Amino acid sequence: MNAASCAHAAGTSTVARARLVRLASVLLLSGLLGGAARAQSDARTGDAGAAPDASAGDASAAGGEHAEADDAASRPLRVGSKDFTENRILAEVLAQLLRAETGLAVEVRDNLGGTLAVFAALRAGEIDLYPEYTGTGWAVVLGEQGRPPDPLSTYAHVAREYSRRFDVDWMLPFGFSNSYALAVRDELAESMGLATISDLLPHAGELRAAVSHEFLNRDDGWPGLSAAYGLQVGELRGMEHGLAFEAVASGDVDLIDAWTTDGKLLRFPVTVLEDDKGFFPPYHAAPIVRGETLRAHPEIGPALARLAGRLPNARMQALNLAVEADGRSYRDVARDFLRDEGLVADDGTALAGVGAGDRRGDLLAFVRGRLGVTARLLGEHLWLTGFAVLLATLFAVPLGIALARRETAAKVVLGAAGVIQTVPSLALLAFMIPVLGIGATAALAALFLYALLPILRNTYTGLREVDADLVKAARGLGLTDAQVLRHVELPLAMRTIMAGVRTSAVISVGVATLAAFIGAGGLGEPIVTGLQLNDTRLVLAGAVPAALLAVVVDALLGYLERHASAVRVG
């Protein structure tokens, strides 16, 4: 065995030993899960980097793993996150700690959507690690039926099954459990005597509930909860999580879902109801990492072990509140936590981040402070929409020309394009992730598909509406079909074709704001973040430039449309 193979075998065995150490340490996690095992965490840090054992496998297996490790080692680590405050804070904590502890280049790809979208990105290698919850792993990813057992057994089960099925490792938990909960307005709890979820039953028909879209569809969310308690409310709707708190505070709804570490619980006049039937499973948070990444960088395990037990519920709630109420950035909150815990030195994490920004101060100062960021996001947005519409034009115009002479085929193709147009834009973006991964490529593909129908239909319609007598006269003068198309049909149809391009471009500007949900950037970034933080200024920081961009694009293409008509007439 050569030196490279020996080094790789050592790294692989170290990872294998670290896995065994983590699973063995589950026996000690009862104290950790209660938030009292910081000393145990520090002791285990040394174990994770212990010397390799002798089970390196055969030469061919080692060679295959070595190729995987080389690929994973050739790029920066990518830390992902789901689309809510806590997960984004944890992603920043992971990224900053890994930079300081390992010296590796680390990127954060945050706000990637719900559980299945982020886990798909992890399995596809688009990200290397992200923060996950044991209850979510049990019910959503593993699809286990029935209520999970105690927190310790749940952690052990998901850690074992993720490793076996997906080659994904669960690191040691952070120390808090962010379980789901139901909350009602304080005044409603007092007037109806509500303290537990069961107390809702006599009043269920009067209640208006608004819950997050993921909770609305999860087995460990509303479907399972309503079945377990026999709870059927008078009105139920899905709503963005941050807006639901505003709605319950204003009296627009009565009942919402919450997380037990939610910083909003400290800001809004709501009462958390006791889960008296013990329906909600344990949701202890921990980093999960691709096995390929750990094989390429065994030092990741000991670095992440330093976070074990350092975040009890109250501390995580305070971090969430710092972002949501004080307007601090995710990066700054993560940096200060790591500094306070003595995990990162000042000179190791001097990161400048825009994040959520400071929501205090006047709007004009806020706008001025974001000019550079807005210009960058505007450039990303223009590139996404411009390139997608250009590709759609280059594809749809020739196809529309061909279909203008094939009526039967035109019905099929235009029908298919129409069906694509009916797919909700977020769903279409999600469909692209397994094929193209997260980021700009998936967003471009979705925008391309959305841009097709107006251009294709207008090209087909414009050519079909050209006066047949003019075409016959041109052919009578001896023009070939190609010459008739170039000199008669296309000039006469150009204004209609340009109207289709114009429509597609304006639609794409709007749809591209959703690209931020899969990490593609653009003006959707501040909109998504503003919705999460209930920050109107951030929402406007993305929505207003996007609206202005749509107006400018429409005006510019309108001018080109009129110019094309003038050239034809002249």
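Fair warning: this is a prediction, and the values are worked out from it, not measured in the lab. (Residues numbered from 1 in each chain as written. Predicted model: local features only at pLDDT ≥ 70, side-chain atom pairs only at ≥ 80, totals over all residues. Heavy atoms only, no water.)

1. Observations concerning the overall build of the chain
Filter applied, for reference: Only DSSP runs of H or I reaching four residues or more are called helices, and only runs of E reaching two or more are called strands; each is numbered from the N terminus. Relative accessibility decides the category of a residue: with a 1.4 Å probe and only protein chains considered, values under 20% of the type maximum give buried, values over 50% give exposed, and everything between is partly exposed. Accessibility throughout is a Shrake-Rupley quantity obtained with a 1.4 Å probe, and a residue counts as covered only by protein chains that appear here.
Check the secondary structure of the chain and you find 25 helices and ten strands. Looking at the chain residue by residue over its 570 residues, the buried ones come to 52%. Counting every atom, the chain has about 23,500 Å² of accessible surface; 59% of that belongs to carbon and sulfur.

2. Focus: the packing of helix α19 (residues 407–422) against helix α21 (residues 440–464)
Convention followed: Axis geometry follows a simple rule: fit a line to the C-alpha atoms, using only the stretch in contact for helices, then measure angles between N-to-C directions, giving values from 0 to 180 degrees. An angle counts as roughly parallel when it lies under 35 degrees, as roughly antiparallel when it exceeds 145, as roughly perpendicular when it falls between 65 and 115, and as oblique in every other case. It is the rotation of the near helix from the far one that decides the hand of a crossing: anticlockwise by less than a right angle makes it left-handed, clockwise makes it right-handed. In this description, contact between two residues means that some pair of their heavy atoms is separated by no more than 4.5 Å. Residues are grouped as follows: Ala, Val, Leu, Ile, Met, Phe, Trp, Tyr, Cys and Pro are nonpolar; Asp, Glu, Lys and Arg are charged; every other residue, Gly included, is polar.
Taken N-terminus to C-terminus, the directions of α19 and α21 make an angle of 150°; their axes are 8 Å apart at the nearest point. Relative to α21, the element α19 is oriented roughly antiparallel. Once α19 is placed against α21, the crossing between them reads as left-handed. On the side of α19, the interface is formed by Glu 407, Ala 410, Val 413, Leu 414, Ala 417, Gly 418, Ile 420 and Gln 421, while α21 contributes Leu 449, Tyr 450, Leu 453, Leu 456, Arg 457, Tyr 460 and Arg 464. When grouped by side-chain class, the residues that make up the contact of α19 with α21 number ten nonpolar, two polar and three charged.

3. Things to note about the side chain of Ser 508
By the element assignment, Ser 508 lies in helix α23 (residues 481–511). The buried category is assigned to Ser 508, whose relative accessible area is 1%.

4. Considerations on the nonpolar core
Generally speaking, nonpolar side chains in soluble globular proteins are found buried as a group. Here is the rule we go by: As used here, the term nonpolar core means buried Ala, Val, Leu, Ile, Met, Phe, Trp, Tyr and Cys residues forming a set that is joined through side-chain atoms within 4.5 Å.
If you look at the biggest cluster of nonpolar residues, it comprises 61 residues, and the most contacted ones within it are Leu 200, Leu 225 and Leu 307. Broken down by element, this core gets its largest block of residues, eight residues, from helix α5 (residues 85–102). Other than its neighbours up to four places away in sequence, Leu 225 contacts Leu 182, Ile 197, Phe 215, Phe 279 and Phe 280. Core analysis: the next-biggest nonpolar cluster, separate from the first, contains 34 residues, Phe 448, Leu 452, Val 466 and Val 471 among them.

5. Quick word on the sheet that holds strand β7 (residues 235–238)
Put simply, the rule is: We treat two strands as partners when DSSP finds at least two bridges between them.
One open sheet holds the five strands; their spatial order is β7-β6-β8-β5-β9, and the pairing between them is mixed. For this open sheet the edge positions go to β7 and β9 (270–273), each flanked by a neighbour on one side alone. Geometrically, the sheet is characterised by an average inter-axis angle of 35° between neighbouring strands, direction not taken into account. Bridge count between strand β5 (residues 180–185) and β9: four bridges; the pairing is antiparallel. Residue pairing in the sheet places Arg 185 in a bridge with Val 270 of β9.

6. Considerations on unusual backbone geometry
Glycine aside, negative phi is the norm for most residues, and most peptide bonds take the trans geometry. Backbone geometry places Asn 111, a non-glycine residue, at a positive phi of 60°. Within the fold, Asn 111 resides in the loop between β2 (106–109) and α6 (115–123). Phi angles above zero are rare outside glycine, and Asp 167 is one such case at about 55°. Within the secondary structure layout, Asp 167 lies in the loop between α8 (151–166) and β4 (168–170). On the basis of relative accessibility, which here comes to 25%, the residue Asp 167 falls in the partly exposed class.

7. Comments concerning the pattern of salt bridges
Rules: By convention in these notes, a salt bridge is any Lys or Arg side-chain nitrogen within 4 Å of a carboxyl oxygen on Asp or Glu.
Here the structure, examined in full by the defined rule, presents 30 salt bridges. Across the pair Glu 324 and Lys 264 runs a salt bridge, and its minimum N-O distance is 2.7 Å. Pair noted here: Glu 324 is in helix α15 (residues 313–324) and Lys 264 is in the loop between β8 (255–259) and β9, with a separation of 60 residues, a long-range link. When its relative accessible area of 3% is taken as the criterion, Glu 324 is described as buried. Its salt-bridge partner being Arg 502, residue Asp 554 comes within 2.7 Å of it at the nearest N-O pair. Residue Asp 554 is found in helix α25 (residues 536–569), and its partner Arg 502 is found in helix α23; the two are separated by 52 residues along the sequence. One salt-bridge network, in which partners are shared between bridges, spans Glu 144, Arg 160, Glu 161, Arg 164 and Arg 165.

8. Quick look at α8
Heads up, the rule is: Here the expected length of a helix is defined as 1.5 Å per residue gap, with one fewer gap than residues. Definition of a polar contact: a pair of N or O atoms within 3.5 Å, with one able to donate and the other able to accept a hydrogen when the atoms are protein atoms, and with sequence-neighbouring residues admitted only if both atoms are side-chain atoms.
With 16 residues, α8 extends 22 Å between its outermost C-alpha atoms, agreeing within 8% with the 22 Å of an ideal straight helix rising 1.5 Å per residue. Along α8, the positions that sit buried rather than exposed are Thr 154, Tyr 155, His 157, Val 158, Ala 159, Glu 161, Tyr 162 and Phe 166. Capping of α8 at its N-terminal end is provided by Asp 150; its side-chain oxygen lies 3.1 Å from the backbone amide nitrogen of Leu 152. Positive phi shows up at Asp 167, right after α8, with a value of about 55°.

9. Remarks on helix α12 (residues 241–250)
The complete set of buried residues in α12 reads His 241, Gly 242, Ala 244, Phe 245, Ala 247 and Val 248. With its phi angle positive at about 90°, Gly 251 sits one or two positions after the end of α12.

10. Comments concerning the pairing of strand β3 (residues 129–133)
Counting buried residues in β3 gives five out of five residues, a clear majority hidden from the surface. Taking every second residue as pointing to the same face, both faces of β3 are buried, with Leu 129, Pro 131 and Tyr 133 on one and Tyr 130 and Glu 132 on the other. Where β3 lies against strand β10 (residues 285–290), five bridges are found, and the strand directions are antiparallel. From the neighbouring strand, Pro 131 faces β10, where its bridge partner is Pro 287.

11. What to know about the confidence of the model for the chain
The line we're drawing: For every residue, the predictor reports its confidence as pLDDT, a number between 0 and 100.
Chain-level statistics for the chain give a pLDDT mean of 79 and a share of 80% at 70 or above. Here residues 1–67 is modelled with pLDDT under 50, and outside its nearest four sequence neighbours on either side it reaches 83 contacts, counting other chains as well. This model gives residues 348–361 a pLDDT under 50, and the stretch forms 43 contacts once residues within four places in sequence are excluded.

12. Comments concerning the environment of Val 389
Within the secondary structure layout, Val 389 lies in helix α18 (residues 371–403). Taking the C-alpha atoms as reference points, Val 389 and Ile 507, separated by 118 residues in sequence, lie 9.9 Å from one another. Setting aside its immediate chain neighbours within four residues, Val 389 contacts Ile 455, Val 501, Ser 504, Ala 505 and Ser 508.

13. Details of the packing of aromatic side chains
The following threshold applies: Aromatic rings from Phe, Tyr and Trp, with only the six-membered ring used for Trp, were paired whenever their centres fell within 6.5 Å, and each pair was classed as stacked if the ring planes differed by under 30 degrees, edge-to-face if by over 60, and tilted otherwise.
Evaluated as defined, the whole model comprises 16 aromatic pairs. Seen from their ring centres, Tyr 155 and Trp 170 are 6.4 Å apart, and the 85° between their planes marks the pair as edge-to-face. A residue pair is termed long-range when its members are at least 10 positions apart, and Tyr 155 in helix α8 and Trp 170 in strand β4 qualify at 15 residues. An identical accessibility class is assigned to Tyr 155 and Trp 170; each is buried.

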